Amino acid sequence: MINYIYSDENGYHFSSSSNSLQDLDGKEVLCVDLESPSFEEKSIVEEYFDITFLSWHKAEEIESSSRYSESGEVVRANSNFMRVIDGKFGYTPVSFILKDKILFAYHSEKTNGFYQVYERLVGQPSMDATGWYVFLTLLDVRIDFDADLIEFVGREINAISQRIRFKQELEERLILEIAKLQEATMLLRENIVDKQRVISSILKSRRFPEDDKAQLRMLLKDAGSLIDHTAFSFERLDFLQSTLMGLIDLDQNKIIKIFTVVTVIFSPPTLIASMYGMNFRFMPELTWEFGYPFCIFLMISSSLLTLVYFRRKKWL
């Protein structure tokens, strides 16, 4: 699918096309977004605008330190966009090309952001926007989305904290939930650092409009704040994990303590029962009328005395 943002005398527009860009003739194109394009769709855009996209394999192999490059009149940038599917965090690599004040985006999966950029443009009809502005606004939208995800993780951490505080459940499932949030936080941090590096590279570029450098610095500052927030989330998750493991150990110790006490309490009766089961020929209680009740009395008394002794020692 090919999505594009363009402007004419009636303002800004967002459209989609599967195999033709003839509708763009005579219009000022700001952004062309290739969402999971077929080979034919990719070829149409490359031929119409005289550009070349990297393959999926090459786009994914680009090192984080080389995510921004300039060559002639073409600026290339690569970044990862976070996505959440069925509660699982992941990211989609997105390749950008800036040429002739037009932003081209190329990605294998659906991502949010481009339509939000269009909505911002509609809210500012008098703005003379270009592909540079679309790219800058897209970074802003994606950083806001990352912030929303961090807030979501924070709410999940609060929920787990409440469950641990009130001891609603102390089991393996809760440990797995904490591990899942730790992984999500790591992905968020990597994603934000990735954008931070792209923005830093743009700030060093002489091609980017100087009027927008101030906003880029604000985005860089926002990204830094989000990184600090992820570090705080890591600390909270580590604390919750340590607390949970401590509580689980306490519960296990209580269970072990109960079994130990039960074993010790029943040791004297077992000794007495064993003693009377020796069947010596000369054992006075064997011929005594009250021998059996006396044996039972000794067994119960020994258990009770052991239990009283444990309580006085405050071992129970």
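Above this text is the structure in question.
This structure is a prediction, so every number in the text was calculated from the model and none was measured.

*Asks:* Break down the packing of helix α7 (residues 267-276) against helix α8 (residues 291-312) for me, with residues and values.
*Replies:* Two elements in contact, α7 and α8, have axes separated by 8 Å at closest approach and are oriented at 155°. The orientation of α7 with respect to α8, classified from their angle, is roughly antiparallel. Judged by the twist between their axes, the crossing of α7 over α8 is right-handed. In this structure, α7 contributes P268, P269, I272, A273 and Y276 to the contact, and α8 contributes F294, C295, L298, M299, S302, S303 and T306. In the contact of α7 with α8, the residues fall into nine nonpolar, three polar and no charged.

*Asks:* Just give me the short version of the side chain of D194, but keep the residues and values in it.
*Replies:* In this structure, D194 sits in helix α5 (residues 172-204). Note on D194: relative accessible area 5%, which makes it buried.

*Asks:* Explain the packing of aromatic side chains to me, using residue names and the numbers behind them.
*Replies:* Applying the stated criterion across every chain yields a total of eight aromatic pairs. Taking the centre distance of 4.8 Å and the plane angle of 70° together, the rings of Y48 and F49 count as edge-to-face. Residue classification places Y48 among the partly exposed residues on the basis of a relative accessible area of 33%. Judged by relative accessible area, F49 falls into the buried class, the value being 13%. With a centroid separation of 5.4 Å and 50° between ring planes, the pair formed by Y115 and Y118 is classed as tilted. With Y115 and Y118 both in helix α3 (residues 114-122), this residue pair falls three residues apart, about one helical turn. For Y118, a relative accessible area of 16% gives the class buried.

*Asks:* So what about the pattern of salt bridges? Which residues, and what values?
*Replies:* Throughout the structure, instances matching the rule amount to six salt bridges. The partner of R120 in a salt bridge is D144, with the nearest N and O atoms 3.3 Å apart. Pair noted here: R120 is in helix α3 and D144 is in helix α4 (residues 131-165), with a separation of 24 residues, a long-range link. When its relative accessible area of 30% is taken as the criterion, R120 is described as partly exposed. With its nearest N and O atoms 3.1 Å apart, the salt bridge here joins D146 to K195. Of this pair, D146 sits in helix α4 while K195 sits in helix α5, and the two are 49 residues apart along the sequence. The class for K195 is buried, based on a relative accessible area of 1%.

*Asks:* An account of the environment of P268 is requested, with residue identities and associated values reported.
*Replies:* Looking at the element boundaries, P268 is found in helix α7. Exposure remark for P268: the relative accessible area of 22% places this residue in the partly exposed category. Here the alpha-carbon distance between P268 and S301, two residues 33 residues apart in the chain, equals 9.2 Å. Leave out the neighbours within four places in its chain, and P268 touches S302 and T306.

Rules and cut-offs
- Residues numbered from 1 in each chain as written.
- Predicted model: local features only at pLDDT ≥ 70, side-chain atom pairs only at ≥ 80, totals over all residues.
- Heavy atoms only, no water.
- Axes fitted to C-alpha atoms, helices over the stretch in contact; angles between N-to-C directions.
- Helix = DSSP H or I, 4+ residues; strand = E, 2+ residues; numbered from the N terminus.
- Parallel < 35°, antiparallel > 145°, perpendicular 65-115°, else oblique.
- Left-handed = near helix turned anticlockwise from the far one by under 90°.
- Contact = heavy atoms within 4.5 Å.
- Nonpolar A, V, L, I, M, F, W, Y, C, P; charged D, E, K, R; others polar.
- Buried < 20%, exposed > 50% of the residue type's maximum accessible area, 1.4 Å probe, protein only.
- Phe/Tyr/Trp six-rings, centres within 6.5 Å; stacked < 30°, edge-to-face > 60°.
- Salt bridge = Lys/Arg side-chain N within 4 Å of Asp/Glu carboxyl O.

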